[in-house]
Amino acid sequence: MALDIHSTPSRVPALMDDRPVKKRIALVALATDHTSERDFARICDPDQVGVYTNRIAFENPTTKETLLRTGPRLSEAAAQILPDEEVDVVAYGCTAASIVLGNDAVTRHLNVAKPDTPCVTPSSAAFDAFEALGVKRVSVLTPYSTAVTDELVQYFSTHGPEVVSATCFGLTDDRQMARISEDSIIEAGIAAYDDRADALFLSCTALRAATCIQRIENRLGKPVVSSNQAMVWRCLRLAGITDSVPGYGRLFEL
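In this text, all values refer to a predicted model and were calculated from it rather than measured experimentally.

Definitions and cut-offs
- Every chain's residues receive numbers from 1 upward, in the order its sequence appears when written.
- Local features in this predicted model are restricted to residues of pLDDT 70 or higher, and side-chain atom pairs are both shown and tallied only at a pLDDT of 80 or more, whereas totals for entire chains, interfaces and linings draw on every residue.
- The basis for the side-chain values is all heavy atoms of the structure; hydrogens and waters are excluded.
- Elements are defined by DSSP. Helices are runs of H or I of four residues or more, strands are runs of E of two residues or more, and each kind is numbered from the N terminus.
- Computation of the radius of gyration draws on C-alpha atoms alone. For the globule rule, the value is 2.2 Å times the number of residues to the power 0.38.
- The buried label applies to any residue whose accessible area, calculated with a 1.4 Å probe on protein chains only, is under 20% of its type's maximum; exposed applies above 50%, and partly exposed to all values in between.
- In this description, contact between two residues means that some pair of their heavy atoms is separated by no more than 4.5 Å.
- Only the protein chains shown count as cover for residues, with accessible areas throughout obtained via the Shrake-Rupley method and a probe of 1.4 Å.
- Charge counting treats Lys and Arg as positive and Asp and Glu as negative, with His and both chain ends excluded.
- Charge coordinates come from a single atom per side chain, which is NZ of Lys, CZ of Arg, CG of Asp or CD of Glu.
- Strand pairing is defined by DSSP finding a minimum of two bridges between the two strands.
- To get an axis, a line is fitted to the C-alpha atoms, and for a helix only the part in contact is used. The angle between two axes follows their N-to-C directions and goes from 0 to 180 degrees.
- In protein, a polar contact means a hydrogen-donor-capable atom and an acceptor-capable atom, both N or O and within 3.5 Å, with residues adjacent in sequence counting only if both atoms are side-chain atoms; elsewhere, any N or O pair within 3.5 Å suffices.
- Roughly parallel here means an angle under 35 degrees, roughly antiparallel means over 145, roughly perpendicular means 65 to 115, and every remaining angle is called oblique.
- Residue type decides the class: Asp, Glu, Lys and Arg count as charged, Ala, Val, Leu, Ile, Met, Phe, Trp, Tyr, Cys and Pro as nonpolar, and the leftover types, Gly among them, as polar.

Enquirer: An account of the overall build of the chain is needed here, citing residue identities and associated values.
Expert: On a plain count of helices and strands, the chain comes out with 11 helices and eight strands. A globule of 254 residues ought to have a C-alpha radius of gyration of about 18 Å, and the chain, at 20 Å, matches this closely. For the C-alpha atoms alone, the extent of the chain along its principal axes is close to 75 × 40 × 40 Å. Here the chain holds 254 residues, and 52% of them are scored as buried. Long-range contacts, defined here as pairs at least 24 residues apart, represent 78% of the contacts in the chain between residues at least 6 apart. Approximately 12,200 Å² of the chain is accessible, and the part contributed by carbon and sulfur atoms is 48%. Where the 25 positive side-chain charges of the chain centre and where its 33 negative ones centre are 2 Å apart.

Enquirer: Quick rundown of the sheet that holds strand β3 (residues 89-92)? Include the residues and the values.
Expert: Strand pairs in the sheet, formed through backbone hydrogen bonds, run parallel or antiparallel to each other. Spatially, the four strands line up as an open sheet ordered β2-β1-β3-β4, and their pairing is parallel. Sheet topology places β2 (49-56) and β4 (119-120) at the edges, where each strand pairs with a single neighbour. Where strand β1 (residues 23-30) meets β2, eight bridges bridge the pair, whose relative direction is parallel. Among the inter-strand pairings, Leu27 is bridged to a residue of β2, identified as Thr53. Sheet strands in contact with helix α5 (residues 103-113) are β1, β3 and β4, and its direction is about 125 degrees off that of β3.

Enquirer: So what about unusual backbone geometry? Which residues, and what values?
Expert: Cis geometry is adopted by the peptide bond preceding Pro61, which originates at Asn60 and carries an omega value of 10 degrees. Among the structural elements, Pro61 can be located in the loop between β2 and α2 (64-68). Although it is not a glycine, Leu82 sits at a positive phi angle of roughly 45 degrees. Structurally, Leu82 is set in the loop between α3 (74-79) and β3. Note on Leu82: relative accessible area 22%, which makes it partly exposed. The phi angle at Cys204 is positive, at roughly 105 degrees, despite the residue not being glycine. Among the structural elements, Cys204 can be located in the loop between β7 (199-202) and α10 (213-220).

Enquirer: Break down the environment of Asn54 for me, with residues and values.
Expert: Here Asn54 lies in strand β2. With 17 residues separating them in the primary sequence, Asn54 and Glu37 have C-alpha atoms 10 Å apart. Apart from residues no more than four positions distant in its own chain, Asn54 is found in contact with Leu27, Val28, Ala29, Ala77, Gln80 and Ile81. Polar side-chain contacts of Asn54 include one of 3.0 Å to the backbone oxygen of Ala77.

Enquirer: So what's going on with the packing of helix α6 (residues 122-133) against helix α11 (residues 227-238)? Which residues, and what values?
Expert: One can describe the packing of α6 onto α11 by two numbers: an axis separation of 8 Å at closest approach and a directional angle of 80 degrees. As judged from the angle between their axes, α6 and α11 are roughly perpendicular. Contacts between α6 and α11 involve Pro122, Ala125, Ala126, Asp128, Ala129 and Ala132 from the former and Ser227, Ala230, Met231, Trp233 and Arg234 from the latter. Residue composition of the contact of α6 with α11, by class: eight nonpolar, one polar and two charged.

Enquirer: Any chance you could break down the sheet that holds strand β6 (residues 162-168) for me, citing the residues and the numbers?
Expert: As summarised here, the arrangement of the four strands in space is β6-β5-β7-β8, forming an open sheet in which the pairing is parallel. Only two strands of the sheet have a single partner each, and these edge strands are β6 and β8 (224-226). Within the sheet, the average angular offset between the axes of one strand and its neighbour, ignoring direction, is 20 degrees. With four bridges connecting them, strand β5 (residues 137-142) and β7 associate as parallel partners. Bridging across to β7, Leu141 finds its partner in Leu202. In this fold helix α7 (residues 146-159) packs onto β5, β6 and β7, with an angle of close to 165 degrees to the strand it touches most, β6. The sheet strands contacting helix α9 (residues 182-192) are β5, β6 and β7, and the helix crosses β5 at an angle near 145 degrees.

The structure is reproduced here in structure tokens:
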């Protein structure tokens, strides 16, 4: 039965803030990603920053060929995040794809949708993290195949720090990479560390590594950088948020 009630305009005007939240991060993630959004959520203060995500198609196995296919998908995905509105940072959450595509190419794709916006990838963020930490040489642990890991080593050697050792779990499905246990990440990371290195890098946004960093640092006595930790850190710093976040390694003390 219909009620005989009719709405009336409010006598109180709707005053507008400039934005619903002060800072905005746009994140493009793989359709198969289980981990990146959760790491942003656990590290970022929702009262300071909104993280807005869109996903692109990705076909396992994780190979150079399948990673290269993600490039042309980035512009449309980024354009669908808060269309026609500015964001403070736009990020692409795939370490291996940023390496095979190259960070310059990723930036071009993202800036088609979000012109003049700072762009972040896990590898570019890692390079910034290494510089901030004074790291010149790294040991690397990845969940990838040897072929994809070798691509990472080559890219790092050209654009970032010297890689003194590289170890991989040998997986080709990023959904399995997301299932690697924290205990396995910690023990494999410690085993992968070479004393010649200044730091340990845990690659892959699927890897649940961010919550392992502090425990590995405590045991190694060296800085530990992971893909998602570095990506979140760099996005926040570019957005002007400089708060330290306990529990996520030395990087978040900078």
